[in-house]
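So you can see what is in the structure, the chains are spelled out below.
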Amino acid sequence: MSIDADTRGTGDANVDLMNDTVLVRRYREGEEPALFAVYYSAIHFVASRDYTPDQIEAWAPRDLDSRLWEARIRGINPFVAELDGTVVAYADIQASGYIDHFFVSGAYPRCGFGTMLMTRILKEARCLGLSEVTSDVSRTAQGFYERFGFRVVEHRNPVLRGVTIPNALMRLDLKNG
């Protein structure tokens, strides 16, 4: 799987969402490469502030098997945030209440796309009648999740491709929120 040059992180982008068209919708088959670009740039250009180069490479290698990636994305069926026709973020919510993927492009950190997606997937969780939502959350995203009421349940040290990549299991109680 290759990464286009326009997925490189550029710091905090200034996006005026009042003058741009933002759409949050379900992923469409064929968008897997665009979602990989979001995933890769989020990890390599944003999460890299909290993880070592070895951890980043283990988490998001450039040469990830595209067939496995496509199957994974189809399996989680995420929502995407699209800015003027370009996918800039994506996130899923499973029937169990688990958020497996939640990534905003490294080109658009802190522009509101994460908030839009979290709002959408929490609405979906409520529509599904879920009583709680959980996720294994990176160090980088823990503060973001806390702003939505998630709390750390357990700190974890999963190993991926032989490298420990610390995260936290976080939980949101929807019954009392």
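Coordinates for the structure precede this section.
Residues numbered from 1 in each chain as written. Predicted model: local features only at pLDDT ≥ 70, side-chain atom pairs only at ≥ 80, totals over all residues. Heavy atoms only, no water.

Chemist: How do you make sense of the sheet that holds strand E5 (residues 102–104) when you look at a structure like this?
Modeler: Within a beta sheet, neighbouring strands are joined by backbone hydrogen bonds and run either parallel or antiparallel to one another. Reading across from one edge, E1-E2-E3-E5 is the order of the 4 strands in this open sheet, with antiparallel pairing throughout. The sheet terminates laterally at strand E1 (22–26) and E5, the two strands that pair on one side only. Between one strand and the next, the sheet's axes are offset by a mean angle of 25°, whatever the strand orientation. When strand E3 (residues 86–91) meets E5, the two strands line up antiparallel, connected through 3 bridges. Note on E5: the bridge partner recorded for Ala 91 is Phe 102. In this fold helix H4 (residues 113–127) packs onto E1, strand E2 (79–83), E3 and E5, with an angle of close to 145° to the strand it touches most, E2. (Pairing = 2+ DSSP bridges. Helix = DSSP H or I, 4+ residues; strand = E, 2+ residues; numbered from the N terminus. Axes fitted to C-alpha atoms, helices over the stretch in contact; angles between N-to-C directions. Contact = heavy atoms within 4.5 Å.)

Chemist: What is the right way to look at the sheet that holds strand E10 (residues 167–173) in this model?
Modeler: Read across the sheet, 4 strands follow the order E4-E6-E10-E7 without closing on themselves; strand pairing throughout is mixed. The sheet is open, and its two borders are formed by strand E4 (98–99) and strand E7 (151–156), each paired with just one other strand. Summarising the sheet, E7 and E10 pair through 5 bridges and their orientation is antiparallel. Bridge pairing in E10 links Arg 151 to Arg 171.

Chemist: What exactly am I supposed to notice about the packing of aromatic side chains here?
Modeler: Both the distance between ring centres and the angle between the ring planes are used here to describe each pair of aromatic rings. Taken as a whole, this structure holds 13 aromatic pairs when the rule is applied. Ring geometry for Phe 36 and Trp 69: centres 5.3 Å apart, planes at 80°, overall edge-to-face. Residue Phe 36 is located in helix H1 (residues 32–45), and its partner Trp 69 is located in helix H3 (residues 66–76); the two are separated by 33 residues in the primary sequence. As far as the burial class goes, Phe 36 and Trp 69 line up, both buried. On the numbers, 5.8 Å between centres and 90° between planes, the contact of Tyr 108 with Phe 113 is edge-to-face. Judged by its relative accessible area of 1%, Phe 113 falls in the buried class. Here the basic side chain of Arg 26 rests over the ring of Phe 79, its NZ or CZ set 3.9 Å away from the ring centre. (Phe/Tyr/Trp six-rings, centres within 6.5 Å; stacked < 30°, edge-to-face > 60°. Buried < 20%, exposed > 50% of the residue type's maximum accessible area, 1.4 Å probe, protein only. Lys NZ or Arg CZ within 6 Å of the ring centre and 35° of its normal.)

Chemist: What is the right way to look at the layout of surface pockets in this model?
Modeler: Sizing a probe to match a water molecule and rolling it over the atoms shows the empty space that remains. Taken as a whole, the largest pocket spans an internal volume of roughly 1,200 Å³. Lining the largest pocket are 45 residues; nearest its centre among them are Trp 59, Phe 102, Phe 103, Ser 138 and Ala 141. Elements that contribute at least two residues to the lining of the largest pocket include exactly H1, H3, E4, E5, H4, strand E6 (132–138), helix H5 (142–147) and strand E8 (159–160). Partitioning the lining of the largest pocket into residue classes produces 29 nonpolar, 10 polar and 6 charged. (1 Å grid on protein atoms, 1.4 Å probe; cavity = no way out; pocket = protein on both sides within 12 Å on 5 of 7 lines; lining within 4 Å. Points joined across faces, edges and corners; volume = space filled by probe spheres on them. Nonpolar A, V, L, I, M, F, W, Y, C, P; charged D, E, K, R; others polar.)

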